[in-house]
Amino acid sequence: QVQLVESGGGLVQAGGSLRLSCAASGRSSSSYAMGWIRQAPGKEREVVAAIGWTSSTTYADSVKGRFTISRDKSKSTVYLQMNSLKPGDTAVYYCTATLGSVKYSDYDPGYWGQGTQVAVSS
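Just so you know, these numbers come straight off a predicted model, no measurement behind them. (Residues numbered from 1 in each chain as written. Predicted model: local features only at pLDDT ≥ 70, side-chain atom pairs only at ≥ 80, totals over all residues. Heavy atoms only, no water.)

## Side note on the pattern of salt bridges
Moving on, step 1. Tallied over the entire structure, the rule returns four salt bridges.
Moving on, step 2. Notably, a salt bridge pairs Asp 61 with Lys 64, separated by 3.1 Å at the nearest N-O pair.
Moving on, step 3. The class for Asp 61 is exposed, based on a relative accessible area of 66%.
Moving on, step 4. Its salt-bridge partner being Arg 66, residue Asp 89 comes within 2.8 Å of it at the nearest N-O pair. Of this pair, Asp 89 sits in the loop between strand S8 (77-82) and strand S9 (91-98) while Arg 66 is found in the loop between strand S6 (57-59) and strand S7 (67-72), placing the two residues 23 residues apart along the sequence.
Moving on, step 5. Residue class for Asp 89 comes out buried when judged on its relative accessible area of 2%.
Moving on, step 6. The structure contains a network of salt bridges with shared partners spanning Arg 38, Glu 46, Arg 66 and Asp 89. (Salt bridge = Lys/Arg side-chain N within 4 Å of Asp/Glu carboxyl O. Buried < 20%, exposed > 50% of the residue type's maximum accessible area, 1.4 Å probe, protein only. Helix = DSSP H or I, 4+ residues; strand = E, 2+ residues; numbered from the N terminus.)

Written out as structure tokens, the structure reads:
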């Protein structure tokens, strides 16, 4: 079992930046692959980025070059640095974790945080 708590969401103007944080707790939490999934109103959930326990990463095409996922194993925390934000990035962002694959097409987490709202104004 792993528990996930997100922070760092908010309202920002287009072109701005935000950093999301996710603190993981529980047995062997550093062994999990972790990632961020977002859901906007009326849209399907989208895997934004994921990072494996070896720190390999994967990103959605829509955020490549703008978002960076990283992790600090000593703090059991994962970060999502979001730059050059667009109105289309507006969504609830969920921190997630899995013992499975970090490959983008196979990322299917079993653990979810409560979500944090990101709103980007034009």
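## Points about the packing of aromatic side chains
The geometry of two aromatic rings is summed up by the distance between their centres and the angle between their planes.
Moving on, step 1. What the rule picks out here adds up to two aromatic pairs.
Moving on, step 2. Seen in terms of ring centroids, Tyr 32 and Tyr 111 are 5.7 Å apart; in terms of plane orientation they differ by 80°. Their pairing is edge-to-face. Here Tyr 111 lies in strand S10 (residues 111-112) and Tyr 32 lies in the loop between strand S3 (18-25) and strand S4 (33-39), a separation of 79 residues in the sequence.
Moving on, step 3. On the accessibility criterion, Tyr 32 (5% relative accessible area) is buried.
Moving on, step 4. Taking the centre distance of 5.6 Å and the plane angle of 70° together, the rings of Tyr 94 and Trp 112 count as edge-to-face. Placement of the pair is Tyr 94 in strand S9 and Trp 112 in strand S10, with a sequence separation of 18 residues.
Moving on, step 5. Look at Trp 112 and you get partly exposed, because its relative accessible area is 33%.
Moving on, step 6. In this structure, Arg 45 packs its charged tip against the face of Trp 112, placed 4.6 Å from the ring centre. (Phe/Tyr/Trp six-rings, centres within 6.5 Å; stacked < 30°, edge-to-face > 60°. Lys NZ or Arg CZ within 6 Å of the ring centre and 35° of its normal.)

## Here we look at the side chain of Thr 116
Moving on, step 1. Mapped onto the elements, Thr 116 comes out in strand S11 (residues 116-121).
Moving on, step 2. With a relative accessible area of 12%, Thr 116 lands in the buried category.
Moving on, step 3. In terms of polar contacts, Thr 116 uses its side chain to reach the backbone amide nitrogen of Gly 9, at 3.3 Å.
Moving on, step 4. Those residues in contact with Thr 116 that sit more than four places away from it in its chain are Glu 6, Gly 9, Leu 20, Ala 91, Val 92 and Tyr 93. (Polar contact = N/O pair within 3.5 Å; in protein donor to acceptor, adjacent residues only side chain to side chain. Contact = heavy atoms within 4.5 Å.)

## Remarks on the pairing of S7
Each regular strand shows side chains that alternate between the opposite faces of the sheet.
Moving on, step 1. In S7, alternate side chains face the same way, and those of Phe 67, Ile 69 and Arg 71 are buried while those of Thr 68, Ser 70 and Asp 72 on the opposite face are not.
Moving on, step 2. Sheet topology places S7 next to S8; six bridges connect them, and they run antiparallel. Across the sheet, the residue bridging to Phe 67 is Met 82, located in S8.
Moving on, step 3. The turn joining S7 and S8, which pair antiparallel and follow one another in sequence, is formed by four residues; a positive phi near 50° is taken by Ser 76. (Pairing = 2+ DSSP bridges.)

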